[in-house]
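# Topology and contacts: notes
Letter by letter, the chains look like this.
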Amino acid sequence: MTNFDTNLVHGVCCSDNNTGAVNVPIYNSSTYVYQSADAKVKWDYARSGNPTRAFLEEQIALLEGGTRGFAFSSGLAAIHAAFAIFEPGDHVIIGDKIYGGTFRLVNQYFKKWQLEFTTVDTQDAAAVEAAIKPNTKAIYFETFTNPLLRVTSVKAIAEIAKQHHLLTIVDNTFLTPYLQQPLKLGADIVIHSATKYLGGHSDVIAGLVVVEEAELGEKIYFSQNALGGVLSPEDSNLIRRGIQTLGVRMDRHLANAAKIVDFLTKRSEIAKVYYPGIEGSVDHEIAQKECRGFGGIVSFDLAAAIDSKAFVERLNLFKLAVSLGAVESLVELPYKMSHAELSAADLQDCGISTQLIRLSVGIEDAQDLIGDLAQALDSFKK
Ligand SMILES: *Cc1c(COP(=O)(O)O)cnc(C)c1O
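Looking at an unreviewed UniProt entry, one finds the protein chain named Cystathionine gamma-synthase and attributed to Liquorilactobacillus sucicola DSM 21376 = JCM 15457. Note on the protein chain: under the UniProt heading Sequence similarities (unreviewed entry), the record states "Belongs to the trans-sulfuration enzymes family."

Written out as structure tokens, the structure is:
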């Protein structure tokens, strides 16, 4: 068995064609010929299965240490398919700072179908345990929260879940299997918005689910085929290709993020930096034990004297945009952009002030990125 970085490139072998092509072809076929009317065919219709998509599904299953992967047309389609395995009346505990789109899916969609939810700070294992009810079926969270990078221990939650026969579901978008493999820490279902680091180039919307246990795999497959939010062959190929460079991209994201954190913590215009790599917090302690690195997202509070809107608009290399995880650096103002749907009270509850800035650190030259931040900060000096 080869190691992770080799598996990124060669993990799943491409041997189903006679051309010698080193990559799986993009199979643009919605249907497949039966050799006879009663033939037992592997492929019959492309919603149910497509060889290009299947390659990506095997690739992500291998990298996450699972047995089956499933590719969807978006991260939210993946999350929809995962929640769709539950029955009306089931109760799910969800992290209180999960991705806004997931929160909307749960509150404005699944509640109508009689799923019950309780939001809990999943860093607090005792609070999670206290929220368990007789009809609880699962605990759902993101290891690093957005945008403040609070860290939850997958091990701690999975332990509680196992004691109570609950599923542990982890959205691993921020970390990717390069930095954490939740199944190996006891999780049952891993979900990705592959739109972010796995794709890595801001050119495709995609989602993935991985499981280890066979029966769970059947349930997710049923959801995928029945709901139909599958990933196209072209987009499956883009994510497949993105995954091959995940390791080298992630190493640069990590190195650049560390340098930027170092720069920001020394500037008087910055009131606070949020990054799990900074020592002295519970977040750092957990991340150090369970992750191979601290990620490429860095958030910070600007000092009160700095106009946050003017600051983000004065950056040049950091493009002003939501989303994250791609080769180019992005900056956003959460209270006006990614978290604009939250009420003033909810923003305050989440710790998102009008001074909070989120960076998705790209793979450019670190000096250039720091130079861009420096010129924007310097522009506020009289
Ligand atoms: C972006 C994101 C999603 C949603 O994924 P889409 O591909 O946009 O549908 C879910 N979870 C997290 C953590 C995300 O960042």
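Next comes the rest of the description.
### What to know about the layout of surface pockets
Computed from the structure, the largest pocket encloses a volume of approximately 1000 Å³. Mapped onto the lining of the largest pocket, the elements with two or more residues apiece are helix H3 (75-83), helix H4 (100-108) and helix H13 (344-350). Split into classes, the residues belonging to the lining of the largest pocket amount to 15 nonpolar, 16 polar and 10 charged. When residues of the lining of the largest pocket are assigned to domains, at least three map to each of domain 1 (11-244) and domain 2 (247-378). Taken as a whole, the second largest pocket holds about 420 Å³ of empty space. If you go around the second largest pocket, you meet 24 residues; those closest to its centre are Trp43, Ala54, Phe55, Glu57 and Glu58. Looking at which element gives the most residues to the lining of the second largest pocket, the answer is helix H2 (residues 51-64), with seven residues. Of the residues that constitute the lining of the second largest pocket, the class distribution is 11 nonpolar, seven polar and six charged.

### Structural notes on the UniProt feature "modified residue: N6-(pyridoxal phosphate)lysine" (unreviewed entry) in the protein chain
In the numbering used here, UniProt assigns the feature "modified residue: N6-(pyridoxal phosphate)lysine" (unreviewed entry) to Lys196. In this structure, Lys196 sits in the loop between strand S6 (189-193) and strand S7 (207-211). In this view, Lys196 contacts Thr173, Ser323, Leu324 and Gly325; residues no more than four positions away in its chain are not counted.

### Concerning helix H9 (residues 233-244)
For H9, with 12 residues, the first-to-last C-alpha span of 17 Å sits near the 16 Å given by 1.5 Å per residue. Where H9 is concerned, the buried positions are Pro233, Ser236, Asn237, Ile239, Arg240, Gly242 and Ile243. At its buried positions, H9 is contacted by helix H1 (4-10), H2, S7 and helix H10 (246-265).

### Here's the deal with the domain arrangement of the protein chain
Split by domain assignment, the protein chain resolves into domain 1 (11-244) and domain 2 (247-378). For domain 1 versus domain 2, the separation of C-alpha centres amounts to 27 Å. Between domain 1 and domain 2, the contact holds 30 residues from the first and 35 residues from the second. For the pair domain 1 and domain 2, the two sides together bury roughly 2900 Å², of which 60% comes from carbon and sulfur. It is Tyr178, Leu179 and Tyr197 in domain 1 that bury the most area against domain 2; as a group they hold 28% of the surface buried on that side. Applying the counting criterion to the domain 1 and domain 2 interface returns two salt bridges. When the shortest N-O distance is used, the salt bridge between Glu341 and Arg104 registers 3.2 Å. Applying the counting rule to domain 1 against domain 2 returns 17 residue pairs in polar contact (both at pLDDT 80 or more). In terms of residue count, the dominant contributor to the side of domain 1 that touches domain 2 is helix H7 (residues 176-179) (three residues). Grouping the constituent residues of the side of domain 1 that touches domain 2 by class yields 14 nonpolar, 11 polar and five charged.

### Considerations on the pairing of strand S2 (residues 91-95)
Of all five residues in S2, five are buried; the element is thus mostly enclosed. What you see with S2 is no split at all: His91, Ile93 and Gly95 on one side and Val92 and Ile94 on the other are buried throughout. Where S2 meets strand S3 (residues 116-120), five bridges bridge the pair, whose relative direction is parallel. Residue pairing across strands places Ile94 opposite Thr119, the latter belonging to S3.

### What about the side chain of Asp90?
Along the chain, Asp90 falls in the loop between H3 and S2. A residue is classified by how much of its surface remains accessible, and Asp90, at 9% relative accessible area, is buried. Among the polar contacts made by the side chain of Asp90, one reaches the side chain of Lys137 at a distance of 3.1 Å. The residues contacting Asp90, other than those within four sequence positions of it, are Gln114, Leu115, Glu116, Asn135 and Lys137.

### A few points about the site of the ligand
Neighbouring the ligand are 13 residues, the closest being Gly75, Asp171, Ser193, Thr195 and Lys196. Contacts to the ligand include Leu76, whose backbone N or O atom sits 2.9 Å from an oxygen atom. For the ligand, an oxygen atom lies 2.7 Å from a polar atom in the side chain of Thr195. Compared with its free state, where it exposes 380 Å², the ligand has 93% of that area covered by protein. The pocket occupied by the ligand, as judged from atoms lying within 2 Å of grid points, is the largest pocket. Per-element tally for the shell around the ligand: the top contributor is H3, with three residues.

About the criteria used
Residues numbered from 1 in each chain as written. Predicted model: local features only at pLDDT ≥ 70, side-chain atom pairs only at ≥ 80, totals over all residues. Heavy atoms only, no water. UniProt positions renumbered as here; feature names shortened; annotations may be inferred. 1 Å grid on protein atoms, 1.4 Å probe; cavity = no way out; pocket = protein on both sides within 12 Å on 5 of 7 lines; lining within 4 Å. Points joined across faces, edges and corners; volume = space filled by probe spheres on them. Helix = DSSP H or I, 4+ residues; strand = E, 2+ residues; numbered from the N terminus. Nonpolar A, V, L, I, M, F, W, Y, C, P; charged D, E, K, R; others polar. Domains from an automatic or database assignment. Contact = heavy atoms within 4.5 Å. Expected span 1.5 Å × (residues − 1). Buried < 20%, exposed > 50% of the residue type's maximum accessible area, 1.4 Å probe, protein only. Buried area = accessible area lost by both parts, 1.4 Å probe. Salt bridge = Lys/Arg side-chain N within 4 Å of Asp/Glu carboxyl O. Polar contact = N/O pair within 3.5 Å; in protein donor to acceptor, adjacent residues only side chain to side chain. Pairing = 2+ DSSP bridges. Near = heavy atom within 4 Å. Areas by Shrake-Rupley, 256 points an atom, 1.4 Å probe, with all protein chains shown as cover. Sits in = over half its atoms within 2 Å of the grid points.

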